[in-house]
Amino acid sequence: MAVCEVCGNDYEMSFEVHAKGAVHTFDSLECAAQRMAPVCNNCQCRILGHGLQADGQFFCCAHCARQRGKAELVDHA
């Protein structure tokens, strides 16, 4: 068993995520998202889909990008 690095749960079905040379251990997708997913620069939600980027900023949707002055970004869904 391995301990989740977010919640501390010692779980027999934990899993590892390898990213940027580091190994992370989680017990659920929720904990993995909490640690790994980028945050929207406007509404602060976790971005679990494609999202949008501009000038090093992340946005969950074009509406949030427009709120921060990035009118050129559009949703591709």
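Residues numbered from 1 in each chain as written. Predicted model: local features only at pLDDT ≥ 70, side-chain atom pairs only at ≥ 80, totals over all residues. Heavy atoms only, no water.

**Q** Is there a simple way to explain the nonpolar core in this structure?
**A** Generally speaking, a soluble globular protein has its nonpolar side chains buried in company with each other. Core analysis: the biggest nonpolar cluster contains nine residues, these being Cys40, Ile47, Leu52, Ala54, Phe59, Ala62, Cys64, Ala65 and Leu73. Elements represented by at least two residues in this core include exactly strand S5 (52–54) and helix H2 (62–67). Here this core takes three residues from H2, the largest share from any one element. (Core = buried A, V, L, I, M, F, W, Y, C linked by side-chain atoms within 4.5 Å. Buried < 20%, exposed > 50% of the residue type's maximum accessible area, 1.4 Å probe, protein only. Helix = DSSP H or I, 4+ residues; strand = E, 2+ residues; numbered from the N terminus.)

**Q** I'm lost on the packing of aromatic side chains in this one. Help?
**A** Each pair of aromatic rings is reported with the distance of its centres and the angle of its planes. Summed over the entire model, instances satisfying the criterion amount to one aromatic pair. Between Phe15 and Phe26, the ring centres sit 6.1 Å apart and the planes meet at 50 degrees, which makes this aromatic pair tilted. Taken together, the positions of Phe15 in strand S3 (residues 15–19) and Phe26 in strand S4 (residues 22–26) put the pair eleven residues apart, joining distant regions of the chain. (Phe/Tyr/Trp six-rings, centres within 6.5 Å; stacked < 30°, edge-to-face > 60°.)

**Q** How do you make sense of the state of the cysteines when you look at a structure like this?
**A** Structurally, a disulfide amounts to a covalent bond that connects the sulfur atoms of two cysteines. Summed over all chains, the structure comprises zero disulfides. Free of any disulfide, Cys43 has its nearest neighbouring cysteine sulfur in Cys45, separated by 3.5 Å. When its relative accessible area of 37% is taken as the criterion, Cys43 is described as partly exposed. Summary of cysteine pairing: Cys61 is not part of a disulfide, and the nearest cysteine sulfur, belonging to Cys60, is at 3.9 Å. (Disulfide = S-S within 2.5 Å.)

**Q** Got a minute to help me understand the environment of Asn42 in this structure?
**A** Structurally, Asn42 is set in the loop between helix H1 (29–36) and S5. C-alpha separation for the pair Asn42 and Cys60, spaced 18 residues apart in sequence, amounts to 8.4 Å. Beyond its immediate stretch of four places on either side in the chain, Asn42 contacts Phe59, Cys64, Gln67 and Arg68. A polar side-chain atom of Asn42 sits 3.0 Å from a polar atom in the side chain of Arg68. (Contact = heavy atoms within 4.5 Å. Polar contact = N/O pair within 3.5 Å; in protein donor to acceptor, adjacent residues only side chain to side chain.)

**Q** Help me understand the pattern of salt bridges in this model?
**A** A side chain with one charge may pair with a side chain of the opposite charge, provided their charged atoms come close. Counted according to the given criterion, the structure contains two salt bridges. For Glu5, the salt bridge is made with Arg35, and the minimal N-O distance between the two is 2.9 Å. In this pair, Glu5 is assigned in the loop between strand S1 (2–3) and strand S2 (10–11) and Arg35 in helix H1, connecting sequence segments 30 residues apart. Under the relative-accessibility criterion, Glu5 is labelled partly exposed at 29%. Given a relative accessible area of 41%, Arg35 falls into the partly exposed group. A salt bridge links Lys70 to Asp55; the nearest nitrogen and oxygen atoms lie 2.6 Å apart. Here Asp55 lies in the loop between S5 and strand S6 (57–59) and Lys70 lies in the segment after H2, a separation of 15 residues in the sequence. (Salt bridge = Lys/Arg side-chain N within 4 Å of Asp/Glu carboxyl O.)

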